[in-house]
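Commentary on secondary and tertiary structure
Residues per chain are reported as follows:
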Amino acid sequence: MKKITKLKICDWCLLILAILILISGIGLEAHLLDSYIWVWAHIVIGSLFIGFIIWHIYLHFTIMRNAFKSRDRKKKKPLHPWMCVFLLLTTISAVIATVHWLSIHLHTSIGGVHGKFGFILLILICVHIYKKRKFYT
């Protein structure tokens, strides 16, 4: 399979997963989906989302490596480092929140912090998708 085909599959899956993670995240944050099934669904969707993000980065590895190492500051993409920072913060807080939730089965402040990091990440991802919207057509 060609790299461009893999990238299209990956990007469409990421788009669907982004919508699902946003819906489940807002539902959990607003306590509208306050059941074990929705928490587990959010954990599974989030894990898939992170997995596809890693695959997406892998498919773009040379492009991203060149963007970070670029000597020409005008060619640097300031959105990518911020997305990486918030992906890391969201992932770390997700692991902590999941371990904590598995131990006491309650939504706690770390889950709230994770939600805020995740929401900022999704905003950055929406900007990224908007900038790359021609790829989807």
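Residues numbered from 1 in each chain as written. Predicted model: local features only at pLDDT ≥ 70, side-chain atom pairs only at ≥ 80, totals over all residues. Heavy atoms only, no water.

1. A closer look at the overall build of the protein
Selection rule: We count a stretch as a helix when DSSP gives it H or I for four or more residues in a row; a strand needs E for two or more, and each element gets its number in order from the N terminus. Three labels apply to residues, based on accessible area from a 1.4 Å probe with only protein chains included: buried if under 20% of the type maximum, exposed if over 50%, partly exposed otherwise in between. Where accessible areas are quoted, they stem from the Shrake-Rupley method and a 1.4 Å probe; at the residue level, only the protein chains shown are allowed to cover.
When helices and strands are counted, the protein shows 5 helices and 0 strands. Starting at the N terminus and ending at the C terminus, the protein contains elements arranged as α-α-α-α-α. Classification of the 137 residues of the protein by burial places 31% in the buried group. Here the protein displays about 9,300 Å² of accessible surface, and carbon together with sulfur accounts for 74% of that area.

2. Let's talk about the packing of aromatic side chains
Short version of the rule: Stacked, tilted and edge-to-face are the three classes applied to pairs of Phe, Tyr and Trp rings, where Trp contributes its six-membered ring and a pair requires centres within 6.5 Å; stacked means planes under 30 degrees apart, edge-to-face means over 60, and tilted covers the rest. Placement of a positive charge over a ring is assigned whenever Lys NZ or Arg CZ falls within 6 Å of the ring centre and within 35 degrees of the normal to the ring plane.
According to the stated counting rule, one finds 5 aromatic pairs in the structure shown. Look at Tyr36 and Trp101: their rings are 5.7 Å apart centre to centre, the planes differ by 65°, and that puts the pair in the edge-to-face class. Highlighted residues: Tyr36 in helix H2 (residues 36–59) and Trp101 in helix H4 (residues 79–104), separated in sequence by 65 residues. Overall, the relative accessible area of 9% leaves Trp101 in the buried class. Following the ring pairs from residue to residue traces out a cluster consisting of Tyr36, Trp40 and Trp101. The cationic tip of Arg133 hangs over the ring face of Tyr130; the distance from NZ or CZ to the ring centre is 4.1 Å.

3. A closer look at the packing of H4 against helix H5 (residues 109–131)
Test applied: Note on method: axes are straight lines fitted to C-alpha atoms, helices fitted across the in-contact stretch only, with angles between N-to-C directions ranging 0 to 180 degrees. Angular relationships are summarised with four words: roughly parallel below 35 degrees, roughly antiparallel beyond 145, roughly perpendicular across 65 to 115, and oblique for the angles in between. Handedness of a helix crossing follows the sense of rotation of the near helix relative to the far helix, less than a right angle counterclockwise being left-handed and clockwise being right-handed. Only heavy atoms enter the contact rule, under which two residues are in contact if any of them lie within 4.5 Å.
Contact geometry of H4 with H5 gives a least axis separation of 8 Å together with a crossing angle of 150°. Taken together, the axes of H4 and H5 are roughly antiparallel relative to one another. Regarding H4 and H5, the two cross each other, and that crossing is left-handed. Here Leu79, His80, Trp82, Met83, Phe86, Leu87, Leu89, Thr90, Ser93, Ala94, Ile96 and Ala97 of H4 come into contact with H5, specifically with Ile110, Gly111, His114, Phe117, Gly118, Ile120, Leu121, Leu124, Ile125, Val127, His128 and Lys131.

4. Some details on the nonpolar core
Filter applied, for reference: Here, the term nonpolar core denotes a set of buried Ala, Val, Leu, Ile, Met, Phe, Trp, Tyr and Cys residues that are joined through side-chain atoms within 4.5 Å.
Grouped together as the largest cluster of nonpolar side chains are 18 residues, with contacts concentrated most on Phe49 and Leu122. Contributing elements (two or more residues each) for this core: helix H1 (3–29), H2, H4 and H5.

5. Points about the environment of Gly115
Secondary-structure assignment places Gly115 in helix H5. As a C-alpha pair, Gly115 and Ser93 span 22 residues in sequence and 8.8 Å in three-dimensional space.

6. Section: the side chain of His56
You can see His56 is positioned in helix H2. Taking the relative accessible area as the measure of exposure, His56 reaches 14% and is therefore buried. Those residues in contact with His56, other than ones at most four positions away along the chain, are Leu7, Cys10, Asp11, Leu14 and His128.

7. As for H1
In plain terms, the rule: A helix is expected to reach a length of 1.5 Å times the quantity of its residues less one.
Spanning 27 residues, H1 covers 37 Å between terminal C-alpha atoms, matching the ideal 39 Å at 1.5 Å per step. Buried within H1 we find Leu7, Cys10, Asp11, Leu14, Leu17, Ala18, Ile21, Ser24, Gly27 and Leu28. Buried-residue contacts for H1 involve H2 and H5. Immediately downstream of H1, the backbone of His31 shows phi near 60°, a positive value.

8. Thoughts on a nonpolar patch on the surface
Selection rule: Two distance rules govern patches: like charges are joined within 9 Å, and nonpolar side chains (Val, Leu, Ile, Met, Phe, Trp, Tyr) within 5 Å, applied only to residues with over 30% relative accessible area and no salt bridge. Definition used for salt bridges: Asp or Glu carboxyl oxygen within 4 Å of a side-chain nitrogen of Lys or Arg.
A grouping of Leu22, Ile26, Phe119, Ile123 and Val127 is seen on the molecular surface, where their side chains present a nonpolar patch of about 400 Å² in accessible area. The element contributing the most residues to the nonpolar patch is H5, with 3 residues. You can see Ile26 is positioned in helix H1.

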